[in-house]
Amino acid sequence: MMMKSKYFKLLIAAFAFLFILVACGNDNDDTPADEADYEEVNGDEEENGDEVEAGEVVRVALLAHSDDSILDDGSFNQGAWDGITRFYESLGLNVEDHALFFQPHEASDEARIDLIQDAVNDGFDVLVLPGFHFEVALYEAQEIFTDTTFILLDASPRHGDTGVRIEDNVVAIHYAEEEAGFLAGYAAVMEGFTDLGFMGGLPVPAVIRFGHGFIQGADHAAESLGLAAGDITINFTYLGGFAPTPERQAEAVFMFAGGTEVIFAAAGGAGGSVMAAAEQEGGIVIGVDVDQSEHSSTVITSAVKGLEISVYDMLNDFNAGNFNGGRELMFNAAIDGVSLPMGTARFENFTQDQYDAIFALLANGDIVVNASTDMDDITTTLVTVNVLD
């Protein structure tokens, strides 16, 4: 990789959150899902439209990881809630009558365990926990609340050096963010952008993989177009959090004002700050997690992962008495678990045929994206990456 060292800093925080899928110590099949599992999770079965009595319906709680994590973040929480909403709509029911969004009083493992206790005490059957922040809390809670079912997104229950442990009442769902990021980077360069930016919320595994995939996708497109080394530049940084703030908007304004044409904002709610900056500076944004095109006319596309379908399928399995816990699942291109929403994209040059072709290469394994969270492992041939302080 060609990298300007002036702004380079080691992503120390990333090492604390390295993404390790290891075997769990229980009696179930605790290895990552095989192809049959993928098909089960992402299945094409028709939704159940039967009306049911309200008293028979599962109650679902979506838990926030911190007191400033909101439901309408237009990103990770919203994607999970969309899956819950889809589940109740498939039963002919209103989500507000059966599901609830919980927030902790502070951002700590102790507060998250208390939050789980609150949801259990309030009679919720299934708890959906979005993000790595719940790793420690669920590691403890899964053995305490054995009659409660947990759907953990983007993480595995773990605690320090003890490794991963997944009990029968837990499914841990992962997404190939590096593939979604790859698609975003590839599309940006094929569209004609040469000065790119990446703004992640925090250097945690999922966000890092989005960014590293973005670099690799841009490099692959540059090579496909026959560009010269250094023709594509990516300014790469982390915002220090996932909440929208004036300071984060100012940072994005600075990046746009410095010549960056398009920023991939893998930053949760802070993506709204990047969009506001793009509107101010005439820049372009690539959204994350869900289709964010409706949030700003500056959003050209979004690096989407299958939050809605994965949550929906797990709830549907639970409601049908088919919940299969004690395992981890991976949503990737092979099962349409990541994508760019081309139907709402605002590309002028990048075509559906080009997208279908590159997606097929990912899905069938002809292109393998490096999922490492160590920047030193990410090599490019043509793209220059500036890691900013």
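Look a little higher up for the structure.
The rules behind these values
- Residues numbered from 1 in each chain as written.
- Predicted model: local features only at pLDDT ≥ 70, side-chain atom pairs only at ≥ 80, totals over all residues.
- Heavy atoms only, no water.
- Helix = DSSP H or I, 4+ residues; strand = E, 2+ residues; numbered from the N terminus.
- Buried < 20%, exposed > 50% of the residue type's maximum accessible area, 1.4 Å probe, protein only.
- Contact = heavy atoms within 4.5 Å.
- Areas by Shrake-Rupley, 256 points an atom, 1.4 Å probe, with all protein chains shown as cover.
- Axes fitted to C-alpha atoms, helices over the stretch in contact; angles between N-to-C directions.
- Parallel < 35°, antiparallel > 145°, perpendicular 65-115°, else oblique.
- Left-handed = near helix turned anticlockwise from the far one by under 90°.
- Nonpolar A, V, L, I, M, F, W, Y, C, P; charged D, E, K, R; others polar.
- Phe/Tyr/Trp six-rings, centres within 6.5 Å; stacked < 30°, edge-to-face > 60°.
- Lys NZ or Arg CZ within 6 Å of the ring centre and 35° of its normal.
- Pairing = 2+ DSSP bridges.
- Right-handed = clockwise from strand over helix to strand, strands pointing away.
- Core = buried A, V, L, I, M, F, W, Y, C linked by side-chain atoms within 4.5 Å.
- Patch = residues over 30% accessible without salt bridge, like charges linked within 9 Å, V, L, I, M, F, W, Y side chains within 5 Å.
- Salt bridge = Lys/Arg side-chain N within 4 Å of Asp/Glu carboxyl O.
- Lys, Arg positive; Asp, Glu negative; His and termini not counted.
- Charge placed at Lys NZ, Arg CZ, Asp CG, Glu CD.

Examining the overall build of the protein chain
Reasoning step 1: Summing up its helical and strand segments, the protein chain has 11 helices and 14 strands in all.
Reasoning step 2: The burial tally for the protein chain puts 58% of its 389 residues in the buried class.
Reasoning step 3: Here the analysis covers contacts within the protein chain between residues at least 6 apart in sequence; of these, 72% occur between residues at least 24 apart.
Reasoning step 4: About 15500 Å² of surface is accessible on the protein chain, with carbon and sulfur atoms providing 47% of the total.

Notes on the packing of helix H8 (residues 246-257) against helix H9 (residues 271-281)
Reasoning step 1: Running from amino to carboxyl end, H8 crosses H9 at an angle of 45°, the nearest separation of the two axes being 8 Å. In terms of orientation, H8 lies oblique with respect to H9. Regarding H8 and H9, the two cross each other, and that crossing is right-handed. In contact with Arg248, Gln249, Ala252, Val253, Phe256 and Ala257 of H8, H9 contributes Ser273, Val274, Ala276, Ala277, Ala278, Gln280 and Glu281.
Reasoning step 2: Residue composition of the contact of H8 with H9, grouped by class: 8 nonpolar, 3 polar and 2 charged.

Focus on the packing of aromatic side chains
Reasoning step 1: Taken as a whole and judged by the stated rule, the model has 14 aromatic pairs.
Reasoning step 2: Between phenylalanine 182 and tyrosine 186 the ring centres are 6.4 Å apart and the planes differ by 10°, which places this aromatic pair in the stacked class. With phenylalanine 182 and tyrosine 186 both in helix H6 (residues 177-191) and 4 residues apart, the pair spans about one turn of that helix.
Reasoning step 3: Summarising the aromatic geometry, the rings of phenylalanine 210 and phenylalanine 264 are spaced 5.8 Å apart at their centres and angled 90° between planes, so their arrangement reads as edge-to-face. One end of the pair, phenylalanine 210, is in helix H7 (residues 205-224); the other, phenylalanine 264, is in strand E9 (residues 262-266), with 54 residues separating them in the sequence. Here the two residues phenylalanine 210 and phenylalanine 264 agree in accessibility, since each one is buried.
Reasoning step 4: These aromatic residues form a ring-pair network of at least three members: Phe198, Phe210, Phe214, Phe236, Tyr238 and Phe264.
Reasoning step 5: One Lys or Arg, arginine 86, reaches over the ring of tyrosine 312 and ends 4.6 Å from the middle of that ring.
Reasoning step 6: Arginine 165 extends its terminal NZ or CZ atom over the ring of tyrosine 139, reaching a point 3.9 Å from the ring centre.

Comments concerning the sheet that holds strand E6 (residues 170-175)
Sheet strands associate in pairs through backbone hydrogen bonding, adopting either a parallel or an antiparallel arrangement.
Reasoning step 1: On the basis of which strands lie adjacent, the open sheet formed by 6 strands has the order E3-E2-E4-E5-E6-E12 and parallel pairing. At either end of the open sheet lies a strand with only one pairing partner, and these are strand E3 (99-102) and strand E12 (327-331). Looking at each pair of strands side by side, their axes are set apart by 20° on average, direction ignored.
Reasoning step 2: As paired strands, E6 and E12 are joined by 5 bridges and run parallel to one another. Across the sheet, valine 171 pairs through a bridge with arginine 327, a residue of E12.

What about the pairing of strand E2 (residues 60-63)?
Reasoning step 1: Every second residue of E2 is oriented toward a common face, with Val60 and Leu62 on one face and Ala61 and Leu63 on the other, all of them buried.
Reasoning step 2: Pairing analysis gives 4 bridges linking E2 to E3, with the strands arranged parallel. When the bridges of E3 are listed, alanine 61 appears paired with leucine 100.
Reasoning step 3: Following the backbone out of E2, through helix H3 (residues 76-90) and into the adjacent parallel E3, one traces a crossover that is right-handed.
Reasoning step 4: Alignment of E2 against strand E4 (residues 126-130), held across 3 bridges, turns out to be parallel. In the sheet register, valine 60 faces E4, and the bridge partner there is valine 126.

Quick word on the packing of H3 against helix H10 (residues 307-319)
Reasoning step 1: Between H3 and H10, the shortest axis-to-axis distance is 7 Å and the interhelical angle comes to 40°. Considered as vectors, H3 and H10 are oriented oblique to each other. The handedness of the crossing between H3 and H10 is right-handed. Between H3 and H10, the residues in contact are Phe76, Gly79, Ala80, Asp82, Gly83, Ile84, Arg86, Phe87 and Ser90 and Leu307, Glu308, Ile309, Val311, Tyr312, Leu315, Asn316 and Asn319, respectively.
Reasoning step 2: Here the contact of H3 with H10 is built from residues that sort into 9 nonpolar, 5 polar and 3 charged.

Here's the deal with the nonpolar core
What tends to happen in soluble globular proteins is that the nonpolar side chains get buried as a cluster.
Reasoning step 1: Core analysis: the largest hydrophobic core is formed by 74 residues, its most contacted members being Leu63 and Leu196.
Reasoning step 2: Considering every element that reaches this core, the biggest residue donor is H6, with 9 residues.
Reasoning step 3: Setting aside residues up to four positions removed in sequence, leucine 63 forms contacts with Phe102, Leu115, Ile116, Ala119, Leu127, Val128, Leu129, Pro130 and Phe134.
Reasoning step 4: Core analysis: the second largest hydrophobic core is formed by 34 residues, Ala64, Val171, Ile173 and Ile335 among them.

Quick notes on unusual backbone geometry
Excluding glycine, residues mostly carry a negative phi; peptide bonds, for their part, are mostly trans.
Reasoning step 1: One non-glycine residue, aspartate 289, lies in positive phi territory at about 70°.
Reasoning step 2: The phi angle at aspartate 336 is positive, at roughly 60°, despite the residue not being glycine.
Reasoning step 3: Topologically, aspartate 336 is positioned in the loop between E12 and strand E13 (338-339).

Overview of a negative patch on the surface
Reasoning step 1: Where like charges cluster on the molecular surface, the negative patch consists of Asp67, Asp68, Glu106, Glu110, Asp114, Asp118 and Asp122.
Reasoning step 2: Residue class for aspartate 122 comes out partly exposed when judged on its relative accessible area of 43%.

Description of the environment of leucine 138
Reasoning step 1: Its location among the elements puts leucine 138 in helix H5 (residues 135-144).
Reasoning step 2: Taking the C-alpha atoms as reference, leucine 138 lies 7.5 Å from isoleucine 113; in sequence the two are 25 residues apart.
Reasoning step 3: Ignoring any residue separated from it by four or fewer positions in sequence, one finds leucine 138 in contact with Leu129, Phe150, Leu152, Pro157 and Val170.

So, to be careful, I would describe these as geometric facts and stop short of saying anything about function.
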